[in-house]
Amino acid sequence: TITGDAGDSSCNLSTTIASPLCIGTITCPSVGDIIITEIIQNPSAVLDSNGEWFEVYNTTGSPIDMQGWIIKDDVSASEVHTITASVIVPANGYTVFGINSDSGVNGGVSVDYEYSTISLGNSTDGIILECSTTTIDAVIWDNGATFPDPTGASMELSTAKLNSTDNDNGANWAEAVSAFGDGDLGTPGSANDFALATDDFSLNNFKIYPNPTSLGYVNISSKNGETINATVFDILGKQVINTTVSN
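This section reports on the structure supplied with the text. This one's a predicted model, so the numbers in the text were calculated from it and none came from an experiment.

Take T159: it is sitting in the loop between β13 (155-157) and β14 (173-175). Given the relative accessible area of 19%, T159 is considered buried. Setting aside chain neighbours within four positions, we find T159 in contact with N192, F194, A195 and F233.

The following block contains the structure:
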């Protein structure tokens, strides 16, 4: 505020200057290094405006900081949020983004980062994650046509489909069955309930042993002559092996 000279002026000048958002240099990972794995767009325990959240998974073996990334709504172009704080997604781990970080009013979910502006539509909508104009991942749901359309439960990506291509397919998603917080269903911040399995191992004479194991290794064998892509997770949902096995 500038105060006028009482001798020749009775005017005071006042204005507010907004501080610019300074994030610094952003290092973007490859497409699919961070993927969306769980979404609750229609909670029952609390209002949507308090209880919407989504989960991301780091498919790599190194932590990734999402500061400076942009969250976009697929349907409403005006719904855009820039992640202003450091949000480190651990290697082969999960992070939860929510509209409200207060677990006392958001349905009892532990939120790692609270966003604003974004509203997740209950019918057809989507979440887009961008880093320096590059879309790292996006999930677009379709009012139950192929994706689940739950109320009071999250949509969960199969733990067998943790990549940015398979999470585009609604057939790889299902409704959560585990209760959290105030009673809605979901597994925020941990491995999903849904483990899609359609292969008939008896046809391929597939074996994995010992299972479970505490020995630090597993044996995989198959009479199928094709190359096997093997991904193994521990009981917490952390990826511990990702390799190609040639017979």
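After that view of the structure, there is still more to cover.
With that out of the way, let us pick up the pattern of salt bridges. A side chain with one charge can pair with a side chain of the opposite charge if their charged atoms come near. By the definition in use, this model includes one salt bridge. Ionic pairing is found between K72 and E130, a salt bridge with its closest N-O pair at 3.2 Å. Here K72 is found in strand β6 (residues 70-73), whereas its partner E130 is found in strand β11 (residues 124-131), with 58 residues between them in sequence. Judged by relative accessible area, E130 falls into the buried class, the value being 13%.

Sheets are built from strands paired through backbone hydrogen bonds, the pairs being either parallel or antiparallel. If you walk across this open sheet you meet the six strands as β10-β9-β4-β3-β13-β14, and the pairing is mixed. For this open sheet the edge positions go to β10 (113-114) and β14, each flanked by a neighbour on one side alone. Pairing between strand β4 (residues 53-58) and strand β9 (residues 94-98): five bridges, direction antiparallel. Note on β9: the bridge partner recorded for E55 is V96.

On to the state of the cysteines. The final tally for this structure, using the stated rule, is one disulfide. Across the disulfide, C28 is cross-linked to C131 (sulfur-sulfur distance 2.0 Å). Since a negative S-S torsion denotes a left-handed disulfide, the C28-C131 link at about -85° is left-handed. Of this pair, C28 sits in the loop between β2 (12-13) and β3 (34-40) while C131 sits in strand β11, placing them 103 residues apart in sequence.

What counts and how
- Residues numbered from 1 in each chain as written.
- Predicted model: local features only at pLDDT ≥ 70, side-chain atom pairs only at ≥ 80, totals over all residues.
- Heavy atoms only, no water.
- Helix = DSSP H or I, 4+ residues; strand = E, 2+ residues; numbered from the N terminus.
- Buried < 20%, exposed > 50% of the residue type's maximum accessible area, 1.4 Å probe, protein only.
- Contact = heavy atoms within 4.5 Å.
- Salt bridge = Lys/Arg side-chain N within 4 Å of Asp/Glu carboxyl O.
- Pairing = 2+ DSSP bridges.
- Disulfide = S-S within 2.5 Å.

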